[in-house]
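Observations on the three-dimensional arrangement
Now for the letters of each chain:
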There are 2 protein chains.
Amino acid sequence: MDKTLARIASIIGPENLLRSEEDMAPFCLDWRKRYHGRPLAVACPGSTDEAARLVSFCHEKDIPVVPQGGNTGLVGGATPDSSGTELIVSLRRMNRLRQIDTANNTMIVEAGMTLADAQICAERVNRLFPLSLASEGTCQIGGALSTNAGGLCVLRYGTMRELTLGLEVVLAHGRVFCGLSGLRKDTSGFDVKQLFMGAEGTLGLITAASLKLFSRPAEIVTLFIGLNSPEEVIECLTKIRTSFSAYLSTFEMIGKNCLDLVDLHIPHARRPFVAPWTVLVELTHQGEISRFQEEVEDWFMTEIGHEVVIAQSTQDRKDLWLLRESISEAQAKDGISIKHDIGVPTSAIPQFLADAEKRLRHEFPECRIIVFGHVGDGNLHYNISWTRPGNIDLFEDEYRVNQIVYDLVYLYGGTLAAEHGIGQLKMDWLATYKDSVALSIMKSIKQALDPKNLMNPHKILR
Amino acid sequence: MDKTLARIASIIGPENLLRSEEDMAPFCLDWRKRYHGRPLAVACPGSTDEAARLVSFCHEKDIPVVPQGGNTGLVGGATPDSSGTELIVSLRRMNRLRQIDTANNTMIVEAGMTLADAQICAERVNRLFPLSLASEGTCQIGGALSTNAGGLCVLRYGTMRELTLGLEVVLAHGRVFCGLSGLRKDTSGFDVKQLFMGAEGTLGLITAASLKLFSRPAEIVTLFIGLNSPEEVIECLTKIRTSFSAYLSTFEMIGKNCLDLVDLHIPHARRPFVAPWTVLVELTHQGEISRFQEEVEDWFMTEIGHEVVIAQSTQDRKDLWLLRESISEAQAKDGISIKHDIGVPTSAIPQFLADAEKRLRHEFPECRIIVFGHVGDGNLHYNISWTRPGNIDLFEDEYRVNQIVYDLVYLYGGTLAAEHGIGQLKMDWLATYKDSVALSIMKSIKQALDPKNLMNPHKILR
């Protein structure tokens, strides 16, 4: 084994191969502390060439490779098993901006760059890279690609997949797919890059990406609106879309329970009103339309006959966002919860919420349901923070709660993984709920691209 | 063979199996009349179930299947070979709207529906399906998906791939992938639907699609702008993007040669001015912003210091579009041409045009170059209408002209197929220019999903 590690060290430089328990510790435990792995070592290549030689060597020696980005994943997708045989490959040294082109509105970044740094690269040339999510300071572009990350602005700009024009990927055998295209239209054969996005490292190691840039918004209008029911939330969304669809960048729905927890646990949060449901809306625009804020304000005051608070300053905006962004922290302070990252068609949200609550209450009469999410994309974070009051053995009920929730999600044409991926956490559920033909296509592709099952094995597919 | 055809007739109904030369003739010749095939027969299934049983039977009997939509393709992708063994499968009977959901902004249509009918379905519920291209009255959704069609509004709304949320596909063995999702976010495993878009029927037969809908624009501002050089064209695009990016839906560049031909051959066309380069720009917006047209007009008159004509009426708009849309007809009336559907990064367009003209003139001093296209997406239609004045044996020079053009396209990070696909026409060129690892991934996928090579064989890949 020492010979193996020596060879790896010779490829990437000995200082870039981590082997001590202490050095490896941060890579071995997942963000939610549900998975703990024991790797062979942690390898940090510094270039695509090093990454390719490393993966090629692993292929030759049958060493499984577990790609890891910022290790902020929520489904255990980047944590190795406990065998001590899997090599974690971290691209944190590959964090360079390779190219930025303002006339083509694209940039090429390496996979180890953090999302926040990618946003900064764009800002420096007066452009916007719009992907935005809670862990952006830590998560890396490679991980965002591998989970097809979503977040707060999908409604306007799309998920990571839609923001990506090209990829560079080291394949299981160590050859490099050079697809760093800056083209918005290219139909020269199958679009192979699509395979690697959302594949959580199971089909190859993404080393760089060509990303879309956008004009920066000149003005942002942030609104906080109180509504009485999920039906009213969807009506409000439809109305805003009819009148302001090109400007709508965020439409987040927040259940009363969430803001009750924020009130309780987050000292600086200031809740402007109490309503059964609240939506946080942002409209942004570029450039030359005068009176944008006034026109938006007039329209909302006339058309949305409920409580509406409109941010009048940057501080106002921060205060409103703090309420939304503190939900996860407030929940964590309140105790553990069974979390779901589900998607259903937007139109089905009210009925789904009613049915799910009814079925859960039937079996767990006093369960507490915490709902918030990116309703404009049909994506809900649907969490159960207790099944019985004060229940500390919550996870004993997890299987049954999941079953109730996912049964309904699929009844309404939804998904059990909207933006966090499958990883280890949802592998069995995927096998249960996913279209069987889709699963068999996935298995064929895995077999075709990674016949030795060395790329992040035992993730997504068993 | 009669037994085979009898069995096919029993699956789809004898009246839906075309066998006479006369009935089959329209299916045997491609749009540009470059490919003529001789099929076994033309089969028109009426449902997904019939299509699945048909393909399953073909799989059992080793009968190659050539899916055909509206037969408006430009690369011979839907024309069978001359062996008399390939079965054309036309989905023209499968042209129903299955579902439309205004709160989710989605619709499910069958693959045999024409693009124009899909647009109408959306209009009926006050929504927009934005894909728009010259053959929209004839081309079908299945064909638009299979070529990842682009057209006039990609800049704003994306190509067919980006407009598609889900697919239903009959696979080579006859099983059906049921993926008619209405979700904007779903990362539950590999996104297998992506494989079938742009695959020109080589991986399966698309039978239905779930498509995104948008709010209809309330106002359209159409402008015709004269500029002196490609550099000025790109500068103009960048300026408009900075100030109006959310509104910009079309940015078409037209070389002087194109409008000279339109002047010559299209009687009703009225050209407002003569300039070396012209751009046709459309800005659209939804809803509630007052004075949109005035603000746009003021800005263009101040910022774009050249000839600017702004449509003041629907008739004005039609007149301006007639100039753009008549280019292909004017070219056809003028004689044959060597056509290219290329893409290069927008920023590289000026340099590409200069270099390509220089190299072509070096070998063909008096060649005539006709350039127009969707510059906002980097997509150019780059046509050579003669290599030597009056040359009637133009296609003798085709190979060399293609070589000069494609060499430069790839030098600038471009593609030889932006929106028309590969089909038969560009198969050899693809093998020459495409990244070899990408080609090998394509071959693995083809082998994995269609091991008997029965789905549209000898297209895209040899």
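Residues numbered from 1 in each chain as written. Chains lettered and ligands numbered in written order. Predicted model: local features only at pLDDT ≥ 70, side-chain atom pairs only at ≥ 80, totals over all residues. Heavy atoms only, no water.

Notes on the interface of chain B and chain A
By convention, interface size is frequently given as the accessible area that disappears when the constituent parts associate. Contacts between the two partners involve 89 residues from chain B, matched on the other side by 89 residues from chain A. The contact between chain B and chain A buries some 7,100 Å² in all, and 57% of this surface belongs to carbon and sulfur atoms. Where chain B meets chain A, there are eight salt bridges. Here A:Glu162 makes a salt bridge to B:Lys212, at a shortest N to O gap of 3.0 Å. (Contact = heavy atoms within 4.5 Å. Buried area = accessible area lost by both parts, 1.4 Å probe. Salt bridge = Lys/Arg side-chain N within 4 Å of Asp/Glu carboxyl O.)

Re the pairing of strand β6 (residues 106-110) of chain B
Regular strands place their side chains on alternate faces of the sheet. Residues and elements named next belong to chain B. With five of its five residues buried, β6 lies for the most part within the structure. Judged by which residues are buried, β6 turns out to be covered on both faces: Thr-106, Ile-108 and Glu-110 on one side and Met-107 and Val-109 on the other are all buried. In the sheet, strand β5 (residues 97-101) pairs with β6 via four bridges, with the strands oriented antiparallel. Bridge pairing in β6 links Asp-101 to Thr-106. The turn linking β5 back onto β6 is made up of four residues, and Asn-105 within it adopts a positive phi angle of 55°. Pairing analysis gives five bridges linking β6 to strand β10 (residues 205-212), with the strands arranged antiparallel. Its bridge partner lying in β10, Glu-110 is registered against Ala-208. (Buried < 20%, exposed > 50% of the residue type's maximum accessible area, 1.4 Å probe, protein only. Helix = DSSP H or I, 4+ residues; strand = E, 2+ residues; numbered from the N terminus. Pairing = 2+ DSSP bridges.)

Topic: the relation of the copies chain B and chain A
The operation relating chain B to chain A is a screw motion whose rotation component is 180°, with 0.0 Å of axial translation and a residual RMSD of 0.0 Å. Interpreted geometrically, this transformation is the action of a two-fold axis. Here 100% of the interface residues in chain B have copies in chain A that are interface residues too; the copies meet face to matching face. (Least-squares fit on C-alpha atoms with pLDDT ≥ 70 in both.)

Notes on the packing of aromatic side chains
Residues and elements named next belong to chain B. Throughout the structure, instances matching the rule amount to 27 aromatic pairs over all chains. A centroid spacing of 5.6 Å and a plane angle of 65° characterise the contact between Phe-352 and Tyr-382, whose relative ring orientation is edge-to-face. Here Phe-352 is found in helix α13 (residues 349-363), whereas its partner Tyr-382 is found in strand β18 (residues 379-386), with 30 residues between them in sequence. Relative to Tyr-433, the ring of Tyr-410 has its centre 5.0 Å away and its plane inclined at 20°; by these criteria the two rings are stacked. (Phe/Tyr/Trp six-rings, centres within 6.5 Å; stacked < 30°, edge-to-face > 60°.)

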